[in-house]
Amino acid sequence: MAVKKAMRLALVDDHTLFREGMIQLIEWVCKDCIITFEANDGIDLQQKLTKDNEPEIILMDINMPRMDGYACVQWLNENFPHVKIIVVSMNQQEAAMTRMLTLGVNGYLSKDVEPAKLAKVLKDLRSGKEGFYYTSPLSGELHHILPGKGD
């Protein structure tokens, strides 16, 4: 019987308290998840991310110092194209969501996402389900753009 490998995640957010809370939340909702590393911003991510610690999924904020989420996603697309990206942000402006969608992220979740929704998104992405995941407050904003997997 094959042993299921842990899902490797990374967090990129400039707020330490938020990252620590996300780690606890992820450990609670995803028993087979491990956090390979945390980064404060895109520059910190570039310095920490290697082929040896490459996560399956990166959860990332948009508004960060030095290198924001947009530039970070562009860099990841060029250097680590197989890594899936979920934006976790309080920014719910349609322009931000559309820009991230255009950059090819796999999901856009509000920072007040329900734990069960986060768990489902992580599980679905790992299992290879296609689609763009987003949380309810975004549903009205994105409905005319794409038929994603919102609440």
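All figures in this text were calculated on a predicted structure; none of them were measured in a lab. (Residues numbered from 1 in each chain as written. Predicted model: local features only at pLDDT ≥ 70, side-chain atom pairs only at ≥ 80, totals over all residues. Heavy atoms only, no water.)

Draft legend 1. Region of the structure containing the state of the cysteines. On inspection of all chains with the given rule, the structure shows one disulfide. Here C30 pairs with C33 through a disulfide, and the sulfurs are 1.8 Å apart. Classification of the bridge connecting C30 and C33 rests on its S-S torsion, roughly 65°, and on that basis the disulfide is right-handed. Residue C30 shares its accessibility class with C33, and that shared class is buried. (Disulfide = S-S within 2.5 Å. Buried < 20%, exposed > 50% of the residue type's maximum accessible area, 1.4 Å probe, protein only.)

Draft legend 2. Summary view of the packing of helix α1 (residues 16-29) against helix α5 (residues 115-126). The N-to-C vectors of α1 and α5 enclose an angle of 70°; their axes lie 10 Å apart at closest approach. Between α1 and α5, the interaxial angle falls into the category roughly perpendicular. Only P115, L118 and A119 of α5 make contact with α1, whose side of the interface consists of M22, L25, I26, W28 and V29. By residue class, the composition of the contact of α1 with α5 is eight nonpolar, no polar and no charged. (Axes fitted to C-alpha atoms, helices over the stretch in contact; angles between N-to-C directions. Helix = DSSP H or I, 4+ residues; strand = E, 2+ residues; numbered from the N terminus. Parallel < 35°, antiparallel > 145°, perpendicular 65-115°, else oblique. Contact = heavy atoms within 4.5 Å. Nonpolar A, V, L, I, M, F, W, Y, C, P; charged D, E, K, R; others polar.)

Draft legend 3. Representation of the pattern of salt bridges. Considering all chains together, one arrives at 11 salt bridges under this definition. One salt bridge in this structure joins D44 and K48, with 3.3 Å as the shortest N-O distance. With D44 and K48 both in helix α2 (residues 42-48) and four residues apart, this pair spans about one turn of that helix. On the basis of relative accessibility, which here comes to 9%, the residue D44 falls in the buried class. A salt bridge links K129 to D124; the nearest nitrogen and oxygen atoms lie 3.7 Å apart. If you follow the salt bridges from partner to partner, you end up with R8, D32, E56 and R126 in one network. (Salt bridge = Lys/Arg side-chain N within 4 Å of Asp/Glu carboxyl O.)

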